Amino acid sequence: EAQVTQNPRYLITVTGKKLTVTCSQNMNHEYMSWYRQDPGLGLRQIYYSMNVEVTDKGDVPEGYKVSRKEKRNFPLILESPSPNQTSLYFCASSLFPSRDGNYGYTFGSGTRLTVV
Amino acid sequence: QQQVKQSPQSLIVQKGGIPIINCAYENTAFDYFPWYQQFPGKGPALLIAIRPDVSEKKEGRFTISFNKSAKQFSLHIMDSQPGDSATYFCAANNQGGSEKLVFGKGTKLTVNP
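Here we summarise the structure given alongside this text. Residue positions within a chain follow its written sequence, with the count starting from 1. Chains carry letters from A onward and ligands carry numbers from 1 onward, assigned in written order. Reporting of local features is limited, given that this is a predicted model, to residues whose pLDDT is at least 70; pairs of side-chain atoms are given and counted only at 80 or more, and all residues count toward the totals for whole chains, interfaces and linings. Think of the side-chain values as coming from all heavy atoms in the structure, minus any hydrogens and water.

## Focus on the layout of surface pockets
Remark: the empty space left among the atoms is shown by a probe the size of a water molecule rolled over them. Size it by volume and the largest pocket reaches roughly 1,100 Å³. Cavity means a closed set of points on a 1 Å grid over the protein atoms alone, one where a 1.4 Å probe fits but cannot get out, pocket means an open set with protein on both sides within 12 Å along at least 5 of 7 lines, and lining means a residue has an atom within 4 Å of a point. Contributing to the lining of the largest pocket are 46 residues, with Asp 38, Leu 41, Gly 42 and Leu 43 of chain A together with Lys 105 of chain B lying nearest its centre. Only DSSP runs of H or I with at least four residues qualify as helices, and only runs of E with at least two residues qualify as strands; both kinds are numbered from the N terminus onward. Among the elements of the structure, strand S4 (31-38), strand S5 (42-51) and strand S9 (87-94) of chain A together with strand S1 (4-7), strand S9 (86-92), strand S10 (102-103) and strand S11 (107-112) of chain B are those that each provide at least two residues to the lining of the largest pocket. Among the residues forming the lining of the largest pocket, the class breakdown is 16 nonpolar, 20 polar and ten charged. Grid points are joined across faces, edges and corners, and a volume is the space filled by probe spheres set on the points. There is about 310 Å³ of room inside the second largest pocket. As for the second largest pocket, its lining consists of 20 residues, of which Thr 106, Phe 107, Gly 108 and Ser 109 of chain A together with Gly 43 of chain B are closest to the centre. Secondary structure elements with two or more residues in the lining of the second largest pocket: strand S1 (4-7) and strand S10 (106-107) of chain A together with strand S4 (33-38) and strand S5 (45-50) of chain B. The element contributing the most residues to the lining of the second largest pocket is S1 of chain A, with three residues. Gly is put with the polar residues, along with every residue not named as nonpolar or charged; the nonpolar set is Ala, Val, Leu, Ile, Met, Phe, Trp, Tyr, Cys and Pro, and the charged set is Asp, Glu, Lys and Arg.

The following block contains the structure:
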């Protein structure tokens, strides 16, 4: 089954304790991206990657890091989490460049992170 | 900054009603306009998309209307059902350039029985 897999689904951590949220896709997609979703603010892009070893900042990159060493994996790293990073996080992937047709991003099921 | 403005923020209709969600964009280079549907506890999923060479696209009970001159597009849900209760996001991007999708802030739709 074509999918984007995120782990963990739920995570409670303490301020300052480094954590990594993993993201893996099995569709051979070039493009991958991380979003955070907060009430009233919608989906905001954190980082994205056009392909292996190519990453760039999105709209809200502060406090986050990413890496893209393999095409299928795109982990999100919080080196020193803070309470304002409590949020629902989504990883997404797509082909690049897009083709005609009705496809777009495939999203993972989300990671709900709480930083206390 | 590229933006997509979505309204309303929330919407309540009765079963069988026709909810309409509106979006407006600024960047005339946008050429792909998808809608995503998100159920609680799930990630957004592509529902339907349109390109600016057509003014309307239907898939089942879902219709996108597109007005290029006004830079607006909308989602209509015909004969809405309680199972359509979800959050809907419009989005836009320029597929000839970056793949970055710009999302609206979402509309929480509730369809009452």
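## Thoughts on the environment of Leu 101 of chain B
Relative to the assigned elements, Leu 101 of chain B resides in the loop between S9 and S10. Residue burial is assigned from relative accessible area. The probe radius is 1.4 Å, only protein chains are included, and a residue is buried under 20% of its type maximum, exposed over 50%, and partly exposed in between. When its relative accessible area of 3% is taken as the criterion, Leu 101 of chain B is described as buried. Once the C-alpha coordinates of Leu 101 of chain B and Gln 6 of chain B are considered, the two residues, 95 residues apart in sequence, prove to be 14 Å apart. Contacts are residue-level and defined by heavy atoms, with any inter-residue pair within 4.5 Å sufficient. Setting aside residues no more than four positions away along its own chain, Leu 101 of chain B makes contact with Tyr 35 and Tyr 105 of chain A together with Tyr 32, Pro 34, Tyr 36, Ala 91, Ala 92 and Asn 93 of chain B.

## Focus on the packing of aromatic side chains
Two numbers describe a pair of aromatic rings. These are the distance of the centres and the angle of the planes. The aromatic pairing rule takes the rings of Phe, Tyr and Trp, using the six-membered ring of Trp, and pairs them if the centres are within 6.5 Å, calling planes under 30 degrees apart stacked, those over 60 edge-to-face and the rest tilted. Tallied over the entire structure, the rule returns 21 aromatic pairs over all chains. Ring centres of Tyr 25 of chain B and Phe 66 of chain B lie 6.2 Å apart, and the angle between their planes is 15°; this geometry places the pair in the stacked category. Linking Tyr 25 of chain B in strand S3 (residues 20-25) with Phe 66 of chain B in strand S7 (residues 62-67), this pair joins segments that are 41 residues apart in sequence. Assigned by exposure class, Tyr 25 of chain B and Phe 66 of chain B land together as buried. Residues Phe 33 of chain B and Phe 73 of chain B carry aromatic rings whose centres are separated by 5.0 Å and whose planes lie at 55° to one another, so their mutual orientation is tilted. In this pair, Phe 33 of chain B is assigned in strand S4 and Phe 73 of chain B in strand S8 (residues 72-77), connecting sequence segments 40 residues apart. Residue classification places Phe 73 of chain B among the buried positions, given a relative accessible area of 2%. Among the aromatic side chains, those forming a connected cluster through ring pairs are Tyr 31, Tyr 35, Tyr 48, Phe 90, Tyr 105 and Phe 107 of chain A together with Tyr 36, Phe 89 and Phe 103 of chain B.

## Considerations on the state of the cysteines
By definition, a disulfide links two cysteine residues through a covalent bond between their sulfur atoms. Two cysteine sulfurs form what is called a disulfide whenever their separation falls within 2.5 Å. Overall, the coordinates contain two disulfides over all chains when judged by the stated rule. A disulfide bridge connects Cys 23 of chain A with Cys 91 of chain A, and the sulfur atoms are separated by 1.9 Å. Around the S-S axis, the bridge from Cys 23 of chain A to Cys 91 of chain A shows a dihedral of about -75° and counts as left-handed. Taken together, the residues span a long stretch of sequence, with Cys 23 of chain A in strand S3 (residues 19-25) and Cys 91 of chain A in strand S9 at a distance of 68 residues. Judged by its relative accessible area of 2%, Cys 23 of chain A falls in the buried class. The disulfide partner of Cys 23 of chain B is Cys 90 of chain B, and the gap between their sulfur atoms is 1.9 Å. Taking the torsion about the sulfur-sulfur bond, which here is approximately -95°, the covalent link between Cys 23 of chain B and Cys 90 of chain B counts as left-handed. With Cys 23 of chain B in strand S3 and Cys 90 of chain B in strand S9, this residue pair connects regions lying 67 residues apart in the sequence.

## Focus: the sheet that holds S1 of chain A
Paired strands are those between which DSSP finds at least two bridges. The strand order S1-S3-S8-S7 (chain A) describes an open sheet built from four strands, whose pairing is antiparallel. Unpaired on one side and paired on the other, S1 and strand S7 (65-66) of chain A mark the two borders of the sheet.

## As for the pattern of salt bridges
Salt bridge, as used here, is a side-chain nitrogen of Lys or Arg placed within 4 Å of a carboxyl oxygen of Asp or Glu. Summed over the entire model, instances satisfying the criterion amount to five salt bridges over all chains. Asp 38 of chain A serves as the salt-bridge partner of Arg 36 of chain A, at 2.8 Å between the closest nitrogen and oxygen. Among the residues examined, Arg 36 of chain A registers a relative accessible area of 8% and is labelled buried. For Asp 84 of chain B, the salt bridge is made with Arg 61 of chain B, and the minimal N-O distance between the two is 2.8 Å.

## Side note on the sheet that holds S3 of chain B
Residues and elements named next belong to chain B. The sheet built from five strands is open, its strands ordered S1-S3-S8-S7-S6 with antiparallel pairing. One side of each edge strand has no neighbouring strand; the edge strands of this open sheet are S1 and strand S6 (56-59). Strand-to-strand twist of the sheet, defined as the mean angle between neighbouring strand axes without regard to direction, takes the value 15°. Judged from the four bridges that link them, S1 and S3 form a sheet pairing that is antiparallel. Within S3, the position partnered with Ser 7 by the bridge is Asn 22. Axis definition: a line fit to C-alpha positions, over the contact stretch in the case of helices; interaxial angles, taken between N-to-C directions, run 0 to 180 degrees.

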